[in-house]
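For reference, the chains in residue letters:
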Amino acid sequence: MRSIKRTGFWAGALVLAGTMTLGIAGQAIADDGYGEYRERFEPLPALPPIPADNSLTAEKIELGKMLFFEPRISSSGVISCATCHNPALGWADRIPQSVGHEGQVGDRNTPTVLNSGFLDSQFWDGREPDLEGQALGPIEAEVEMAMDLDEALERLDGFEEYHKSFGEAFPGDDDPLTADNVAKALASFQRTLNTPNSPFDRYLRGDMQAMTEQQKRGMAAFVDNGCVACHHGPALTDGGFHRFELPEGPTDEGRYIVTGEEDDQFRFRTPGLRNVAVTYPYFHNGKVDNLHDAIQLMAEQMLGSKLEEETVDDIDAFMHALTGEMPDVSFPALP
């Protein structure tokens, strides 16, 4: 990895590494009675896995940030990635379905891009395996940015600043201003949008006071009632696809649209639960607008049981402990 200035995510990574060292030492002697539950989880690393063919550099990250906020790569010239992934709204949009080109309303809720580098696949139906594959989809989608990639590149080509930035980000390329490099830059930026050091992470690393007693009860209930079967790992998702029926009945065929396999009808990727308290509304069509109801519905649909209200309240409190430190991202000055 090339040298990166110790600002933003990189400074956070260094601080987190130090916190981890101290926390683990403290955890070895601390006991609050929930040790068997803590062992079922793992804290969020500072950075997700980095692919061998897209090393993380400061230049790629900066270019990716510019492209993320760049509306001129949309057909209308007014929509950017940040339109639906608003930093002020948990890097989502907090409406049931996203609104794109010419006011068109999509079929699905906008997932947050926070911690998306930890996911095994992208989109609700998992049609792309990684962030590089995901990056160009919204640009071309008619209901989103509705932009032909060649035309998008032509627009970028008209700015000397982008020639300079692409050249710095991809110094080994004779012609760096390509669609593939747009995808790599966007993916690099998104891999820095992580939320470490949540109360839950601090607790897992040994700070027994980081979570309240109610949040600890919620963690225990989360395990005891089977939620952890699908929501585990650093991003609290198994990366799998499960059939899920909202009260009004299924209309979106989910994973089936990608695979054509009958067994995949109405299956959707298990969402990660990091920052779930600030990324409402919930589920693939955004039909549930509060966390309490979402928890109860999940219990009924996936676990076949109705939870006691006190249990739901405890799990709700635990979910709030999953909100981490938001990325400190300065808005780019676009050419």
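Predicted model only: the values in this text are computed from it and were never measured. (Residues numbered from 1 in each chain as written. Predicted model: local features only at pLDDT ≥ 70, side-chain atom pairs only at ≥ 80, totals over all residues. Heavy atoms only, no water.)

1. Side note on the overall build of the protein
Then, number 1: Within the protein one finds 14 helices and two strands.
Then, number 2: Across the 335 residues in the protein, those meeting the buried criterion constitute 50%.
Then, number 3: When contacts within the protein are restricted to residue pairs at least 6 apart in sequence, those whose partners lie at least 24 apart make up 69%.
Then, number 4: In the form shown here, the protein has an accessible surface area of approximately 15300 Å², with 50% of it arising from carbon and sulfur atoms. (Helix = DSSP H or I, 4+ residues; strand = E, 2+ residues; numbered from the N terminus. Buried < 20%, exposed > 50% of the residue type's maximum accessible area, 1.4 Å probe, protein only. Contact = heavy atoms within 4.5 Å. Areas by Shrake-Rupley, 256 points an atom, 1.4 Å probe, with all protein chains shown as cover.)

2. Description of the pattern of salt bridges
Then, number 1: This structure, assessed with the given rule, holds 14 salt bridges.
Then, number 2: The salt bridge partner of Lys184 is Asp180, with a shortest N-O separation of 3.6 Å. Separated by four residues within a single helix, Lys184 and Asp180 lie in helix H9 (residues 179-190), roughly one turn from each other.
Then, number 3: Close ionic contact of Lys306 with Glu300 constitutes a salt bridge, the shortest N to O distance being 3.7 Å.
Then, number 4: Given a relative accessible area of 62%, Lys306 falls into the exposed group. (Salt bridge = Lys/Arg side-chain N within 4 Å of Asp/Glu carboxyl O.)

3. Some words on the packing of aromatic side chains
Then, number 1: Per the counting criterion, the structure on display carries 13 aromatic pairs.
Then, number 2: An aromatic cluster is present here, built from Phe68, Phe69, Trp91, Phe189 and Phe331 joined pairwise through their rings.
Then, number 3: Sitting over the ring of Phe123, Arg127 keeps its end group 3.7 Å from the ring centre.
Then, number 4: In this arrangement the basic side chain of Arg255 is found over the ring face of Phe241, its NZ or CZ atom lying 4.3 Å from the centre. (Phe/Tyr/Trp six-rings, centres within 6.5 Å; stacked < 30°, edge-to-face > 60°. Lys NZ or Arg CZ within 6 Å of the ring centre and 35° of its normal.)

4. Quick look at a nonpolar patch on the surface
Then, number 1: Taken together, the side chains of Ile95, Val99 and Val105 define a hydrophobic patch exposed on the protein surface, amounting to about 220 Å² of accessible area.
Then, number 2: By the element assignment, Val99 lies in the loop between helix H4 (81-84) and helix H5 (131-135).
Then, number 3: Residue classification places Val99 among the partly exposed residues on the basis of a relative accessible area of 38%. (Patch = residues over 30% accessible without salt bridge, like charges linked within 9 Å, V, L, I, M, F, W, Y side chains within 5 Å.)

5. Description of the nonpolar core
Then, number 1: Ranked by internal contacts, the top residues of the largest apolar core, which has 37 residues, are Phe41, Phe200, Met219, Phe222 and Met319.
Then, number 2: Every element with two or more residues in this core is listed here: helix H10 (199-204), helix H11 (213-224), helix H13 (291-303) and helix H14 (309-320).
Then, number 3: In this structure Phe200 touches Phe41, Met211, Met219, Arg274, Phe318, Ala321 and Leu322, once residues within four positions along its chain are discounted.
Then, number 4: Core analysis: the next-biggest nonpolar cluster, separate from the first, contains 35 residues, Val113, Leu149, Tyr162 and Val182 among them. (Core = buried A, V, L, I, M, F, W, Y, C linked by side-chain atoms within 4.5 Å.)

6. Re the confidence of the model for the protein
Then, number 1: Chain-level pLDDT for the protein is 90 on average; 90% of the residues reach the 70-or-more range.
Then, number 2: Low pLDDT (under 50) marks residues 1-27, which in the prediction has 39 contacts with non-local residues, meaning those over four places away or in another chain. (pLDDT = per-residue confidence, 0-100.)

7. So, the packing of helix H3 (residues 58-68) against helix H8 (residues 160-169)
Then, number 1: Across the interface, H3 lies against H8 with an axial gap of 8 Å and an inter-helix angle of 145°. Here H3 and H8 pass one another in a crossing that is left-handed. Here Glu59, Lys60, Leu63, Met66 and Leu67 of H3 come into contact with H8, specifically with Glu161, Tyr162, Ser165, Phe166, Glu168 and Ala169.
Then, number 2: Residue composition of the contact of H3 with H8, grouped by class: six nonpolar, one polar and four charged. (Axes fitted to C-alpha atoms, helices over the stretch in contact; angles between N-to-C directions. Left-handed = near helix turned anticlockwise from the far one by under 90°. Nonpolar A, V, L, I, M, F, W, Y, C, P; charged D, E, K, R; others polar.)

8. Thoughts on the packing of H13 against H14
Then, number 1: Relative to each other, H13 and H14 sit at 115°, their axes nearing to 9 Å. Considering how the two elements wind past one another, H13 and H14 form a crossing that is right-handed. Across from Leu291, His292, Ile295 and Gln296 in H13, the residues of H14 making contact are Glu309, Val312, Asp313, Ile315, Asp316, Met319 and His320.

9. Section: the state of the cysteines
Then, number 1: Under the defined criterion, the tally for this structure stands at zero disulfides.
Then, number 2: Between Cys81, a free cysteine, and Cys84, which holds the nearest cysteine sulfur, the sulfur-to-sulfur gap is 9.0 Å.
Then, number 3: Summary of cysteine pairing: Cys227 is not part of a disulfide, and the nearest cysteine sulfur, belonging to Cys230, is at 9.1 Å.
Then, number 4: Assessed through its relative accessible area of 17%, Cys227 is described here as buried. (Disulfide = S-S within 2.5 Å.)

10. Points about unusual backbone geometry
Then, number 1: The linkage connecting Tyr280 with the following residue, Pro281, adopts the cis geometry, with an omega of -5°.
Then, number 2: Structurally, Pro281 is set in the loop between strand S2 (267-269) and H13.
Then, number 3: Positive phi values are uncommon outside glycine, yet Phe123 reaches one of about 75°.
Then, number 4: Even without being a glycine, Ala146 presents a positive backbone phi close to 55°.
Then, number 5: Mapping Ala146 onto the fold places it in the loop between helix H6 (137-140) and helix H7 (149-157).

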